[in-house]
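Structural overview
Here is how the chains run, residue by residue.
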Amino acid sequence: MPSRDKLVRIAVYAALAIGLYTVDNFLPLPLPWLRLGVGNLGIVLALMDVGALGAIAVFFLKLILGSIVAGRFLTPFFFFALAGGVLGLGAMIAIKTLGRGFFSAVGISCAGGVFHNIGQLLVARFLLIPSSGLWLLAPIVVLFGVISGTFIGILARLVQLRLRGMEAVGLD
């Protein structure tokens, strides 16, 4: 059982992820299926702060509660988010674990963004559009994953630095 402090941190990261996910659902889309993914900020922060199990908990809380709030629970959007999220989170955990401190929140989040979008493309290919022509979208979704993942990673790094600064002056 995680410590009380760890549970509180997980709850805070989950609340952040759910809130940002809800807002993200109301932002205009560059393409019908591409979102910025700002809700993943909570997941990246959780992974960097409380580890893989905490990040997994935040992911599933965001996925389930966020999709209920956004009215997308058990819709096709839910399953796209599930597949992309599992692949993206798996990539982030692997890179953080195997990289042993080599990758910052920016690199980890960038990988998560790319693999999240690849996961969604795989779902589209094998469940909705049985055409290999769908792979022509791969460069677009990979580029968007790099851009959005980098943006989320930079935000995560800024939050980390701000929190460390607050701890240094005793405001934690």
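Residues numbered from 1 in each chain as written. Predicted model: local features only at pLDDT ≥ 70, side-chain atom pairs only at ≥ 80, totals over all residues. Heavy atoms only, no water.

Turning next to the overall build of the protein. The number of helices and strands found in the protein is six helices and zero strands. The linear arrangement of helices and strands in the protein, starting from the amino end, is α-α-α-α-α-α. In terms of overall dimensions, the protein is globule-like: its C-alpha atoms have a radius of gyration of 16 Å, near the 16 Å expected for 172 residues. Its C-alpha atoms give the protein principal-axis dimensions of about 55 × 35 × 30 Å. When the 172 residues of the protein are sorted by exposure, 40% land in the buried category. (Helix = DSSP H or I, 4+ residues; strand = E, 2+ residues; numbered from the N terminus. Rg over C-alpha atoms; globule rule 2.2 N^0.38 Å. Buried < 20%, exposed > 50% of the residue type's maximum accessible area, 1.4 Å probe, protein only.)

The next thing to look at is the side chain of D24. Mapping D24 onto the fold places it in helix 1 (residues 4-24). Given the relative accessible area of 5%, D24 is considered buried. Looking at D24, its side chain comes within polar contact range of the main-chain nitrogen of G37, at 2.8 Å. Ignoring sequence-local partners within four residues, the contact set of D24 consists of R35, L36, G37 and V38. (Polar contact = N/O pair within 3.5 Å; in protein donor to acceptor, adjacent residues only side chain to side chain. Contact = heavy atoms within 4.5 Å.)

The next subject is the packing of helix 1 against helix 2 (residues 40-50). Running from N to C, helix 1 and helix 2 cross one another at 160 degrees; their axes reach a closest spacing of 7 Å. In this view, helix 1 runs roughly antiparallel relative to helix 2, as classed from their interaxial angle. As for the relative orientation of helix 1 and helix 2, their crossing is right-handed in sense. Facing K6, R9, I10, Y13, L16, A17 and L20 of helix 1, the residues of helix 2 in contact are L41, G42, L45, A46, D49 and V50. (Axes fitted to C-alpha atoms, helices over the stretch in contact; angles between N-to-C directions. Parallel < 35°, antiparallel > 145°, perpendicular 65-115°, else oblique. Left-handed = near helix turned anticlockwise from the far one by under 90°.)

Formed by 25 residues in total, the largest nonpolar core has its most connected members in I43, V58, L89 and M92. Contributions of two or more residues to this core are made by helix 1, helix 2, helix 3 (52-69), helix 4 (76-99), helix 5 (105-128) and helix 6 (138-168). The dominant element in this core, judged by the number of residues it contributes, is helix 2, at seven residues. If sequence neighbours within four positions are ignored, V58 has contacts with I10, Y13, A14, A17, G42, I43 and A46. With six residues, the next largest nonpolar core counts V123, A124, L134 and V141 among its residues. (Core = buried A, V, L, I, M, F, W, Y, C linked by side-chain atoms within 4.5 Å.)

Assignment of secondary structure puts Q160 in helix 6. Here Q160 falls in the buried class, since its relative accessible area comes to 12%. At 3.3 Å, the side chain of Q160 forms a polar contact with the side chain of R157. With near-sequence residues (within four places) excluded, Q160 lies in contact with L45, M48 and A105.

Here the focus is the packing of helix 1 against helix 3. Any two packed helices are characterised by how steeply their axes cross, that is the angle between the axes, and by the distance between the axes. Packing of helix 1 against helix 3 leaves a shortest axis separation of 8 Å and a crossing angle of 40 degrees. When the axes of helix 1 and helix 3 are compared, the crossing they make is right-handed. In this structure, helix 1 contributes I10, Y13, A14, A17, I18, Y21 and T22 to the contact, and helix 3 contributes G54, A57, V58, L61, K62, L65, G66, S67 and V69.

Moving on, we get to a nonpolar patch on the surface. On the surface, L53, I56, F60, L61, I64, L65, I68, F73, L74, F79 and V86 cluster together to form a nonpolar patch covering roughly 970 Å² of accessible area. Counting residues per element, the nonpolar patch draws most heavily on helix 3, which supplies seven residues. Structurally, I56 is set in helix 3. (Patch = residues over 30% accessible without salt bridge, like charges linked within 9 Å, V, L, I, M, F, W, Y side chains within 5 Å. Areas by Shrake-Rupley, 256 points an atom, 1.4 Å probe, with all protein chains shown as cover. Salt bridge = Lys/Arg side-chain N within 4 Å of Asp/Glu carboxyl O.)

Positionally, I93 belongs in helix 4. With a relative accessible area of 18%, I93 lands in the buried category. Each C-alpha atom, one on I93 and one on A55, is 8.8 Å from the other, the two residues being 38 residues apart in sequence. Residues in contact with I93, not counting those within four places in the same chain, are L47, A52 and I56.

Keep in mind these values describe shape, not function.
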